[in-house]
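Structural description and commentary
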Amino acid sequence: CASNQRVENSICVACAPGTTNDAGDDALKEDTACDVTYCAVGQHVKDNACVTCPAGTTNANGGDDASGEDTACSATKCGVDEYV
């Protein structure tokens, strides 16, 4: 199978949105699965893709599951003696 495909009933099929798979699965062997994509710190999920948080916001923990619902970033708060 090609990149971002998996084996299902001896056929190469596309991975679900928000998941990936390396090329090379053999359709003549057992079914395979795609891996969930997790967003990095400073990213959130939009339409099953990881995108950078808008200016003035952040996702400090990261780890959002791109195969799930859209997520949001939080407003960045200034520390003591900081301002925008």
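Scope of this entry: the structure provided in the associated data block. (Residues numbered from 1 in each chain as written. Predicted model: local features only at pLDDT ≥ 70, side-chain atom pairs only at ≥ 80, totals over all residues. Heavy atoms only, no water.)

Comments concerning the pattern of salt bridges
Two side chains with opposite charge may pair up if their charged atoms get near one another. Using the criterion set out here, one finds one salt bridge in the structure. With a shortest N-O distance of 2.8 Å, Arg6 and Glu8 are connected by a salt bridge. On the basis of relative accessibility, which here comes to 32%, the residue Glu8 falls in the partly exposed class. (Salt bridge = Lys/Arg side-chain N within 4 Å of Asp/Glu carboxyl O. Buried < 20%, exposed > 50% of the residue type's maximum accessible area, 1.4 Å probe, protein only.)

Quick look at the state of the cysteines
In the structure shown here, the tally under the stated rule is four disulfides. Between the sulfur of Cys15 and that of Cys34 lies a disulfide, 2.0 Å long from S to S. Where Cys15 bonds to Cys34 through sulfur, the torsion about that S-S bond is close to -80 degrees, and the disulfide is left-handed. Of this pair, Cys15 sits in the loop between strand S2 (11-14) and strand S3 (19-20) while Cys34 sits in the loop between S3 and strand S4 (35-36), and the two are 19 residues apart along the sequence. One exposure class covers both Cys15 and Cys34, and it is buried. Across a sulfur-sulfur distance of 2.2 Å, Cys39 and Cys50 are joined as a disulfide pair. Measuring handedness by torsion sign, the sulfur bridge of Cys39 and Cys50 sits at about -90 degrees and is left-handed. Residue Cys39 is found in the loop between S4 and strand S5 (43-46), and its partner Cys50 is found in strand S6 (residues 49-52); the two are separated by 11 residues along the sequence. (Disulfide = S-S within 2.5 Å. Helix = DSSP H or I, 4+ residues; strand = E, 2+ residues; numbered from the N terminus.)

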